[in-house]
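So the chains spell out like this:
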Amino acid sequence: MSDKQDAWRRLAARERKGQPLEDLNWETLEGIKVKPLYMANDVADNPYLDDVPGLNPYLRGVRATMYTQRPWTIRQYAGFSTAEESNAFYRQALAAGQQGVSVAFDLATHRGYDSDHPRVEGDVGKAGVAIDTVEDMKILFDGIPLEKVSVSMTMNGAVLPTMANFIVAGEEQGVDTSRLSGTIQNDILKEFMVRNTYVYPPEPSMRIVADIIAFASDSMPRFNSISISGYHMQEAGANLVQELAYTLANGREYVRTAVARGLDVDAFAGRLSFFFAIGMNFFMEVAKLRAARLLWSRVMSEFNPRNPRSSMLRTHCQTSGVSLQEQDPYNNVVRTAYEAMAAVLGGTQSLHTNSLDEAIALPTEFSARIARNTQLILQEETGVTRTVDPLAGSYYVETLTRELADRAWALMQEIEDMGGMTKAVVSGLPKLKIEETAARRQAMIDRGEEVIVGVNKFRPDKQEPINYRSIKNRDVRQSQTERLCKVRQSRDQDRCTRALANLENCAAQGGNLMPAAIEAARARASVGEISMALENVFGRFQGNVQALSGVYGQAYAGDQAFENIRKNVESFARKEGRRPRMLVAKMGQDGHDRGARVIATAFADLGFDVDIGPLFQTPAEAARDAIDNDVHVVGISSQAAGHSTLAPQLIAALRNEGADDILVICGGVIPRQDYEPLFEEGVAAIFGPGTSIPDAARDVLELIEKRRLTDHG
């Protein structure tokens, strides 16, 4: 210890007045021990301090001048029910300073269903724009010059028909495929791990990824053929080491797959991009992006690229959705601003800032403008663009960067020992580890160990309602169905049939699927029809339902209030002859299951018997599961605004089966303005974001007991 550190310890000890200095140490969710003071000796053996931006390993940035020459690209991820409404938003945003279009598709499109399919009744136009054919895509980009504006599309499951429709829309706008710029996410491994908007099993899905990479490398030199996403991992509960390691391990797997197809690494690696979430742990997020560039250059050295661009990690970032809160929602503006600053100081190439109301619904024009202006203010008013990597040399940031890199690399080696990420994903290990972390963090929030202002500390006395965007799902579905019907009536049906048959044959016999999908799109085959042609060969994937146990409860060891709830559950079991039983249901095409799985493990640790329904159920299927499992209550997890359609349908299905004694409760992203209509439909309780799980469990148990008394009385 240096003399200066010793002097600091004596001074700090006096200020602490007898309290141990060890109390100032902090351990992150990743297990990194953070000290209250960092000094030169903490970075004395750091080999990267003399690195410069623009040179391998790119820790300080992929460009020598970074933002001093050109700021990051401002993107706002958005899609609103119809192509017309989304187009109006994009054009307005571009006129107001946005520099690229980032498209959010509805869940029906993500899952390869047309809007008239019976399984997507509650999903059409929710959480994004509905795209059924090229005609929708043409409307989406009407008046937007695709040879000038780059387009980012978050699409993975139904990636082939989406890319095909985009390319044909460009053709019919007069833009050659080679002039289209932007990014397609095309990151299917992440879907099997956390987001679940997959369509086909892993092996054919990886073939599709490789086909798109190969096609883009030949025909779309300005287009990024894959965006390898850690964003959804963090949103699903991953800590930053897991997000970093699993994202880069996915990237390594995609490069291997493409090289195994015979592609020259330099022909495609320079067009790979990444996508990370930026949460509220400010300095850790800065360090994560710096560590990501370092590790990706290390990964790419395994493939011996000749072009330096092949080793550069370029990334888009988006501020966290999980950090947004329904309670005291204007705090979300501040959260997003801090997260945006962390992304910029970490060196992102483009950025999306979430809107203050996205814990409740899709953003309004008002909230989207604030989110966009957050970035404009960062670029124009703060001076952060004037120096490259301004936090370089910080003892703390440099230590965190190295610590994150070392821990993530060790986790990546664990994946290698399993045979690579595809095999690891099939085993379910990464998904399980992320779910464990999510349960642990939720327990920390519920216990108040992780403070969220306005939620578990400094709560306002009164919650002020805010305006939010409401999508009339039934109206959108009807208009989409009518347009789809017109397309089918006006197209050359023989040409369409031949194109679909050719696509199906290509899937069965081999060959790149992208040209065949483009020809089907030109013939006006729909997203659902193109997807079904592939499904006829590949099948449709159904994930396994697994439940954790013990992780949430461990965080409450010795907590008397938690034990009291357990005792009440045991008392119920003694009186009724069985434990309270709950089905956690995910209906519709929403694959975001973090909340559902955390609820399942927490309620199980409190003594409930918990069944987890499979993803993508219809209300009738969920009702049948509830009856077959003889549950007391069905808990609907809503993340994509389908509650207004699906909850009443579930209640009606239970009633039709004579099982109206089964309670229905809702949780997740539900605007408070929707509460009363849901109660009128028969929903027994609603638990919004920020609800303490033990409190919810106590309330659910009381509801079950009241219902049992009523039924017996």
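The following paragraphs examine the structure supplied in this document.

1. With respect to the environment of Arg60
Tracing the chain through its elements places Arg60 in the loop between strand S2 (33-34) and strand S3 (73-78). Separated by 168 residues in sequence, Arg60 and Ile228 have C-alpha atoms that sit 20 Å apart. Not counting residues up to four positions away in its chain, the partners in contact with Arg60 are Asp51, Val52, Pro53, Arg290, Arg293, Val388, Asp389 and Ala392. A distance of 3.5 Å separates the side chain of Arg60 from the backbone oxygen of Val388, its partner in a polar contact.

2. Let's talk about the packing of aromatic side chains
Describing an aromatic ring pair means giving the distance of the ring centres and the angle of the ring planes. In total, this model carries 20 aromatic pairs according to the counting rule given. For the pair Phe166 and Phe223, a centre-to-centre distance of 5.9 Å together with 40° between the ring planes defines the contact as tilted. Within this pair, whereas Phe166 is found in helix H5 (residues 159-172), its partner Phe223 is found in strand S7 (residues 223-224), the two being separated by 57 residues in sequence. The pair Phe166 / Phe223 is uniform in exposure class, with both members buried. Summarising the aromatic geometry, the rings of Phe192 and Phe541 are spaced 5.1 Å apart at their centres and angled 85° between planes, so their arrangement reads as edge-to-face. Placement of Phe192 in helix H6 (residues 188-195) and of Phe541 in the loop between helix H20 (527-538) and helix H21 (551-554) is noted, with a sequence separation of 349 residues between them.

3. Here's the deal with the sheet that holds strand S16 (residues 685-687)
If you trace the five strands from one edge of the open sheet to the other, you get S13-S12-S14-S15-S16, paired in parallel fashion. Each edge of the sheet is formed by a strand with only one pairing partner; in this case those strands are strand S13 (609-612) and S16. The mean inter-strand angle of the sheet, taken between neighbouring strand axes irrespective of direction, is 25°.

4. What to know about the packing of H6 against helix H16 (residues 429-446)
Direction vectors running N to C along H6 and H16 enclose 45°, while the axes themselves pass 8 Å from each other. In terms of their interaxial angle, H6 and H16 are classed as oblique. In this structure, the crossing between H6 and H16 has a hand that is right-handed. Between H6 and H16, the residues in contact are Phe192, Met193 and Val194 and Pro430, Lys431 and Ile434, respectively.

5. Some remarks on the pairing of strand S5 (residues 151-154)
Regular strands have side chains that alternate between both faces of the sheet. Every second residue of S5 is oriented toward a common face, with Val151 and Met153 on one face and Ser152 and Thr154 on the other, all of them buried. Strand direction decides the pairing type here: strand S4 (residues 100-104) and S5, joined by four bridges, are parallel. From the neighbouring strand, Ser102 faces S5, where its bridge partner is Ser152. Note: S5 against strand S6 (residues 182-184), three bridges, orientation parallel. Along S6, the bridge assignment pairs Ser152 with Thr183. Handedness of the β-α-β unit built from S5, H5 and S6 comes out right-handed.

Conventions and cut-offs
- Residues numbered from 1 in each chain as written.
- Predicted model: local features only at pLDDT ≥ 70, side-chain atom pairs only at ≥ 80, totals over all residues.
- Heavy atoms only, no water.
- Helix = DSSP H or I, 4+ residues; strand = E, 2+ residues; numbered from the N terminus.
- Contact = heavy atoms within 4.5 Å.
- Polar contact = N/O pair within 3.5 Å; in protein donor to acceptor, adjacent residues only side chain to side chain.
- Phe/Tyr/Trp six-rings, centres within 6.5 Å; stacked < 30°, edge-to-face > 60°.
- Buried < 20%, exposed > 50% of the residue type's maximum accessible area, 1.4 Å probe, protein only.
- Pairing = 2+ DSSP bridges.
- Axes fitted to C-alpha atoms, helices over the stretch in contact; angles between N-to-C directions.
- Parallel < 35°, antiparallel > 145°, perpendicular 65-115°, else oblique.
- Left-handed = near helix turned anticlockwise from the far one by under 90°.
- Right-handed = clockwise from strand over helix to strand, strands pointing away.

None of this, on its own, says anything about what the molecule does.
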